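Residue-level structural notes
Residue strings, one per chain:
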Amino acid sequence: MLDVIGLTSAEEELYRCLLQLTVARVDDLVARLQRPREQVVAQVEALRAKGLVQPTDTDPDAPLRPTAPDVALGGALLRRQEDLEAARRRVTQLAEEYRSGLRRHHVDHLVEVITGARVLRDRLRDLQNSARTEVLWFCRANPLAMAGPENVEEFDALARGVTYRAIYERDLLLEPGALADLAKGVAAGEQARVLDRLPVRLAIVDASTAICPLVPDRDGGEPSAAVIGRSQLLDALLALFESHWRVATRLRLDDPLTVAAAENRRPDPEDHPSDGYQPDADEARLLSLFVAGVPDKSIASQLGVSRRTVQRRIADLMAAAGVDTRPGLAFQVARRGWL
């Protein structure tokens, strides 16, 4: 098993023998392993070169003792891991080049059909790992292949500068833990908005590849999806996303004033437009969820307060906006640019 980091099975057996003896001379190892002396000497030298064996003193014939394997082999393991990761990225790139070449020459390769939750999940992971500029999501309730907390690739992509724009279906925000998970993404840099309903599940990476399920959720069975390359169909899906993005409500789960305080700097004047009363960080977060249609109970859970506190704060904001109805407050939030 350790051949992958340059340790042969014979060397591993010799090292294990030395671990059992704690301290041993070459002749002791020859007798224990029943191997030719020249072979044992060569294997001991190989283990010394790898940092797994060292003599007990400077005498050439001094007994040998083992060293800690995690220290000696840790660097090799890390290099191997880095090599495998680089190879995985290269294979992903070559696979995309292969599909691009097929699409250029064969119309039937413009759309690839994949089946199964695991296959769909792996393709979503690969596309995010290879993303360079932007990832777009339509996130509907009851995910088919990958729930939000499982999508660790998003955080890696955000860290290397990839933009994420996601539109969430309102029902998804009501699922247990959904708002807390969404807040983590927003804090990492995701731009999130919400709509009452979304027409389809959709992911688009770098405006070059889209994944879209083929059958309605209610049909059950193994999910299938189309992987769509550069084409007029992809252009239509991009236009579909942008049209929904323009009318979706921004989810303000973090706040520029809060970020500014955390970074110990003065907030940018454009963080909040100067039009009379302006909500503070907590009020802006509450209003974001309120305008998105999240129920008071879920808002209270997200903010860590009671439902009655949420209702009181909304009443205070209605008074500040000069209205006496909740729809009127939502209108004033948009008109005054509070979000």
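Residues numbered from 1 in each chain as written. Predicted model: local features only at pLDDT ≥ 70, side-chain atom pairs only at ≥ 80, totals over all residues. Heavy atoms only, no water.

The name that an unreviewed UniProt entry assigns to the chain is HTH domain-containing protein, with the source organism given as Micromonospora zamorensis.

Applying the stated rule across the entire model yields 16 salt bridges. Taking the shortest distance from any N to any O, the salt bridge between Glu169 and Arg197 comes out at 3.5 Å. A residue pair is termed long-range when its members are at least 10 positions apart, and Glu169 in strand β5 (residues 163–169) and Arg197 in the loop between β6 (191–195) and β7 (202–205) qualify at 28 residues. Between Asp316 and Arg312 there is a salt bridge, with the nearest N and O atoms lying 3.7 Å from each other. Separated by four residues within a single helix, Asp316 and Arg312 lie in helix α13 (residues 307–321), roughly one turn from each other. Here the salt bridges share partners, and the residues they tie into one network are Glu85, Arg88 and Arg89. (Salt bridge = Lys/Arg side-chain N within 4 Å of Asp/Glu carboxyl O. Helix = DSSP H or I, 4+ residues; strand = E, 2+ residues; numbered from the N terminus.)

All right, on to the confidence of the model for the chain then. Residues shown with low pLDDT carry predicted positions that ought not to be read at fine detail. Here the chain shows a mean pLDDT of 81. Residues at 70 or above account for 85%. The low-confidence segment residues 255–274 (pLDDT under 50) makes 19 contacts with residues lying over four places distant or belonging to another chain. (pLDDT = per-residue confidence, 0-100. Contact = heavy atoms within 4.5 Å.)

Turning to unusual backbone geometry, a few remarks are in order. Here Thr22, not a glycine, exhibits a phi torsion of approximately 75 degrees, which is positive. Position of Thr22 relative to the elements: it lies in the loop between α1 (9–21) and α2 (26–33). Here Thr22 falls in the partly exposed class, since its relative accessible area comes to 49%. Look at Asp206: it is not a glycine, yet its phi comes out positive at around 55 degrees. Here Asp206 is to be found in the loop between β7 and β8 (209–213). (Buried < 20%, exposed > 50% of the residue type's maximum accessible area, 1.4 Å probe, protein only.)

Both β5 and β6 contribute to a ladder of five bridges, which runs parallel. By the bridge assignment for β6, Tyr168 is matched with Val194. Bridge count for β6 against strand β10 (residues 249–250) is two bridges, and the pairing is antiparallel. Paired with Val194 across the strands is Thr249, a residue of β10. (Pairing = 2+ DSSP bridges.)

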